[in-house]
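# Analysis of the macromolecular model
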Amino acid sequence: MLDAPAPARRLNARETADWLVIGAGFTGLAAARRVAELRPFDRVVLLEALRVGQGASGRNTGFVIDLPHKRDLEGDDLARKQKLLSLNRAAVDDLETLVQRHDIDCGWSRAGKYQGAVGERGLKYLDHFETLLKDFDYPYRRLERDELAPILGTRHYAAAIYTANTALMQPAALVRGLGETLPDNAELYEHTPVVNLTRSSGQWCATTPEGEVRATKLLLGSNIYAQEFGFLKHRMLPVMTFASMTRELTDEEMALFSAAPHHFGLTPADHAGTTVRLTPDRRLIIRNQYRFVPRYHDDLAERTRIRQGHRDSFEARYPELAQVPFTATWGGACGLSRNYTAFFGKVGDNAWMSGVHQSVGAARGTISGKLLAELATDQDSGQLADMLAVSGKPALNPPEPFLSLGVKTRMRQAAWASRSEL
């Protein structure tokens, strides 16, 4: 949907740098920006295998959520929840500052989000969510079907809880804008995959198809792909989530959404349910279904089946719009762990990594990338102390074929149990 970017700058020579950052998603971009700010006379090289925005960071549904993630919110440690909330809010604020400072056209809006329930199962989860918010002393508003219908354009939802501090945006436009506005001492190379990473004589060496970079210090924002370099091996679960998007709705079709503003984001109360967005440019997005992707990608036949599932979910919510086609269906790979733990910290000599963000990479990746640079440059701050306090080590996975069998079975069970909310 974006205009074509300027031609990619590829690495086609042997280079040396003070800092090497791998992966130009939310984490890598934040890490490269912050280390370049803290070390203005150092050379920072950022390598991206694709174009900025083509990876997972550009393929999410455009939420930057301040609340602790569902599993974190369910914990009993109130102090930990407060730390996570503070970190997530810092991420939202940081991104908003950059969007405004650099005039990044990404549809940024502090629109908040709805947590929606369709039927009895969803309402049970929504009631639980409401209890957690009360215990957390987090402000919210509960809306029932009649009040929701003019906002969501459908009477499909029995109830929803609105929280105000989530930002919505166009993710590919945002990360592209972040990549185009890095400090002058941070150099971005795209279409430059790292095919080998080694360490010798006190330096890291990243080999690419046309060149190499040698650097003293390494920051990894490559998430699930980091295990291909030997980091957090057998501790990540590569999972792909999928979405479909309609064409722009006409004025007549937009009459369903009679309550201003005419855009919103809704996540499901039931974890395996359906996410819905109406974008500022009048497109509806449906996101649901998960796949375990140990090879990091799906195939066209599988995506065709997923697209039909999205169609069913769309028409259940918007039967009046059954004639509206999808213009795109896509997936984005994210990193999960069996113990729902993200990683932040040192992974080797002069090497640091943040990843396994449990599907909340926009906020977590942004703030953890920034703080990873601060950790690596020996800074000290309350935010950094909080990030270290809430981080841990992802659990080891069982060997194959037991891992794939277990993950796929659990996903099928979750999809079946949540079918009424899809």
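Residues numbered from 1 in each chain as written. Predicted model: local features only at pLDDT ≥ 70, side-chain atom pairs only at ≥ 80, totals over all residues. Heavy atoms only, no water.

Attention shifts here to the overall build of the chain. A tally of helices and strands in the chain yields 11 helices and 18 strands. Its C-alpha radius of gyration of 21 Å places the chain within 12% of the 22 Å reference for a compact globule of 422 residues. For the chain, the spread of C-alpha atoms along the principal axes amounts to about 65 × 45 × 45 Å. Taken over 422 residues, the chain has a buried fraction of 55%. In the chain, the share of contacts with a sequence separation of at least 24, taken over all contacts with a separation of at least 6, comes to 73%. Summed over its atoms, the accessible surface of the chain is roughly 18400 Å², and 50% of this surface lies on carbon and sulfur atoms. (Helix = DSSP H or I, 4+ residues; strand = E, 2+ residues; numbered from the N terminus. Rg over C-alpha atoms; globule rule 2.2 N^0.38 Å. Buried < 20%, exposed > 50% of the residue type's maximum accessible area, 1.4 Å probe, protein only. Contact = heavy atoms within 4.5 Å. Areas by Shrake-Rupley, 256 points an atom, 1.4 Å probe, with all protein chains shown as cover.)

Another aspect to go through is the environment of Thr163. Mapped onto the fold, Thr163 is located in strand 6 (residues 159–163). If we skip the residues at most four places from it in the chain, Thr163 touches Leu67, Gly112, Lys113, Leu133, Tyr138, Pro139 and Tyr140.

A few words on the sheet that holds strand 15 (residues 284–292). Here we have eight strands laid out as an open sheet, ordered 5-6-4-13-14-15-12-16, and mixed in their pairing. The strands lining the two open edges of the sheet, one partner per strand, are strand 5 (141–144) and strand 16 (326–336). In this sheet, neighbouring strand axes are inclined to one another by 25° on average, regardless of whether the strands run parallel or antiparallel. Of the pairings in the sheet, the one linking strand 4 (residues 113–117) to strand 6 comprises five bridges and is antiparallel in character. Considered in strand 6, the bridge of Lys113 is made with Thr163. Seen against the sheet, helix 5 (residues 145–152) touches strand 4, strand 5, strand 6 and strand 13 (264–268) and runs at an angle of roughly 90° to strand 5. Packing against the sheet, helix 8 (residues 300–317) makes contact with strand 12 (237–246), strand 14 (275–278), strand 15 and strand 16, and its axis sits at approximately 135° to strand 15. (Pairing = 2+ DSSP bridges. Axes fitted to C-alpha atoms, helices over the stretch in contact; angles between N-to-C directions.)

This part takes up the UniProt feature "domain: FAD dependent oxidoreductase" (unreviewed entry) in the chain. Feature annotation in UniProt assigns "domain: FAD dependent oxidoreductase" (unreviewed entry) to the following positions: residues 18–375. Along residues 18–375 one finds 32% helix and 28% strand; the C-alpha atoms at either end are 16 Å apart. (UniProt positions renumbered as here; feature names shortened; annotations may be inferred.)

Two numbers describe how helix 1 (residues 26–38) lies on helix 6 (residues 171–180): the axes approach to 10 Å, and their chain directions differ by 25°. Relative to helix 6, the element helix 1 lies roughly parallel. For the element pair helix 1 and helix 6, the recorded crossing hand is left-handed. Across the interface between the two elements, Phe26, Leu29 and Arg33 of helix 1 pack against Leu174, Val175, Leu178 and Gly179 of helix 6. (Parallel < 35°, antiparallel > 145°, perpendicular 65-115°, else oblique. Left-handed = near helix turned anticlockwise from the far one by under 90°.)

Attention now goes to the packing of aromatic side chains. Applying the stated criterion across every chain, the model contains nine aromatic pairs. Measuring from centroid to centroid gives 5.9 Å for Phe257 and Tyr318, while their planes differ by 50°, and the two rings are tilted. Here Phe257, found in the loop between helix 7 (251–254) and strand 13, pairs with Tyr318, found in the loop between helix 8 and strand 16; they are 61 residues apart in sequence, far enough to count as distant. Of the residues examined, Phe257 reaches a relative accessible area of 1% and is grouped as buried. Here the aromatic rings of Phe314 and Tyr318 are separated by 5.8 Å at their centres, their planes lie at 45°, and the arrangement is tilted. Of the two residues, Phe314 and Tyr318, both sit in the buried class. Positioned above the aromatic ring of Tyr125, the side-chain terminus of Lys124 is 5.3 Å from the ring centre. (Phe/Tyr/Trp six-rings, centres within 6.5 Å; stacked < 30°, edge-to-face > 60°. Lys NZ or Arg CZ within 6 Å of the ring centre and 35° of its normal.)

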